[in-house]
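Residue strings, one per chain:
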Amino acid sequence: MLNNEKLLEYSLVNGLIYLLTLREFCLNIYFSFLENNQNYKDAAINFYQKFSELTNEILKHTDGNLSEKFLTSGALITEYTIPTLKLTEKLFSTTFSLDIIEQMRNIKPGSPTNVSDEEIEQITMINKVALIISLNFKDFLKEIFEKETNNELFSYSYPFLIGKLIQEVDHYILILERLIRRIDTDPTFAVRNEYQSLNLLKAFGMFLRTFIDPSRRDLIVKTQSFIIEFENLLNEYKDLSLSPENQKKLTSKGLNISKRFKNFMASIIQQLLNKEVYLIVEPLFLDNMYRSINGSIYFVFRDDLIAEMEEDN
């Protein structure tokens, strides 16, 4: 059972990572619909606002409760967040608020101590509200997915992307349910968490492959090689028996490919900003993927194995 300090820390970290991811996916959905589907565009923006409001509520509890290492991990803000945001504003003739980004920049690092029951009640209420909104968002995504696959709705977001987003929401729902019940991480859940994260990164590779201008065959081939490598590793997760030694082996491999994929994603974003490559997706979506990779490296894969990998290198 999670104590007050761990419950607060896990709630803040998971809340910030997932809510930022989901709210920016809302923008992707908004941009992907044509004007004849204004109701879906409006619904996407409505969810974006709700996720933003929840993020603001979480930020009220962050000072002194999040480590310096987490705050500088790139899981919240990356070196590309502002540049891709400004480029998205330019390309889509829109304007974004920087309030949340500025608040994150100013979070005072620290470690939770002597967390009161009153604060836990507040953070638990946020988790419960996040759970309700996430369940509703999942229903919204399922409607889009079903209508797209039945040729009843057109969007520039593939059904595959929507399906993967549904899986991501499902994972956040599971985490929220465990937090509300104060259930700590166990080895089985840790492996499932790693598998889910690697499966999402594989999906990112598949998205990226379709976004890149076909004339850049070098980038498409490199992206495909990552997709195959992710698939092979995911099969290992399925086939290997659960043991401390096997889990350590898989985690080490997962960390290695995640770091290399992160560097590749960074190079793509940099080429976009340098006008060296064209992608058919809003630039902010790329930073969302890049940030998710950083979050996976920091949060899913254990610190002790990160240190061990760095020593080996």
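The shown structure was predicted, so the numbers you read here are calculated from the model rather than taken from an experiment.

Cut-off values and rules
- Residues numbered from 1 in each chain as written.
- Predicted model: local features only at pLDDT ≥ 70, side-chain atom pairs only at ≥ 80, totals over all residues.
- Heavy atoms only, no water.
- Phe/Tyr/Trp six-rings, centres within 6.5 Å; stacked < 30°, edge-to-face > 60°.
- Buried < 20%, exposed > 50% of the residue type's maximum accessible area, 1.4 Å probe, protein only.
- Lys NZ or Arg CZ within 6 Å of the ring centre and 35° of its normal.
- Helix = DSSP H or I, 4+ residues; strand = E, 2+ residues; numbered from the N terminus.
- Expected span 1.5 Å × (residues − 1).
- Salt bridge = Lys/Arg side-chain N within 4 Å of Asp/Glu carboxyl O.
- Polar contact = N/O pair within 3.5 Å; in protein donor to acceptor, adjacent residues only side chain to side chain.

1. Some points on the packing of aromatic side chains
Then, in step 1: A full pass over the atoms with the stated rule returns 23 aromatic pairs.
Then, in step 2: With centroids separated by 5.0 Å and ring planes inclined at 80°, the aromatic side chains of F154 and Y156 adopt a geometry described as edge-to-face.
Then, in step 3: With relative accessibility at 44%, the residue F154 sits in the partly exposed group.
Then, in step 4: Y156 sits in the exposed class, given a relative accessible area of 57%.
Then, in step 5: Ring-pair connections join several aromatic residues into one group, and the members of that group are F25, F160, F204, F207, F211 and F285.
Then, in step 6: Positioned above the aromatic ring of Y30, the side-chain terminus of K41 is 4.0 Å from the ring centre.
Then, in step 7: Between the NZ or CZ atom of K50 and the centre of the ring of F47, over which it lies, the distance is 5.7 Å.

2. Looking at helix α7 (residues 159–180)
Then, in step 1: Taking 1.5 Å of rise per residue, the 22 residues of α7 would be expected to cover 32 Å, and the 31 Å separating its terminal C-alpha atoms lies within 8% of that figure.
Then, in step 2: R182 sits one or two residues past α7 and shows a positive phi near 60°.

3. Topic: the pattern of salt bridges
Then, in step 1: Applying the stated rule across the entire model yields 11 salt bridges.
Then, in step 2: Two residues, E24 and R291, come together in a salt bridge whose shortest N-O distance is 3.4 Å. Taken as a pair, E24 in helix α1 (residues 4–32) and R291 in helix α11 (residues 283–300) lie far apart in primary sequence, 267 residues in all. With respect to class, E24 is no different from R291; both count as buried.
Then, in step 3: K147 serves as the salt-bridge partner of E143, at 3.5 Å between the closest nitrogen and oxygen. Of the two residues, E143 and K147 are both situated in helix α6 (residues 117–149); the distance of four residues between them amounts to about one turn of the helix.
Then, in step 4: Taking relative accessible area as the criterion, E143 reaches 34% and is therefore assigned partly exposed.

4. Observations concerning α1
Because an α-helix packs 3.6 residues into every turn, residues spaced three or four apart end up facing the same way.
Then, in step 1: With 29 residues, α1 should reach 42 Å at 1.5 Å per residue; the first-to-last C-alpha distance of 41 Å fits that figure.
Then, in step 2: Put simply, N3 is the residue that caps the front of α1, since its side-chain oxygen is 3.2 Å from the backbone nitrogen of E5.

Function-wise, these values are silent; they only describe arrangement.
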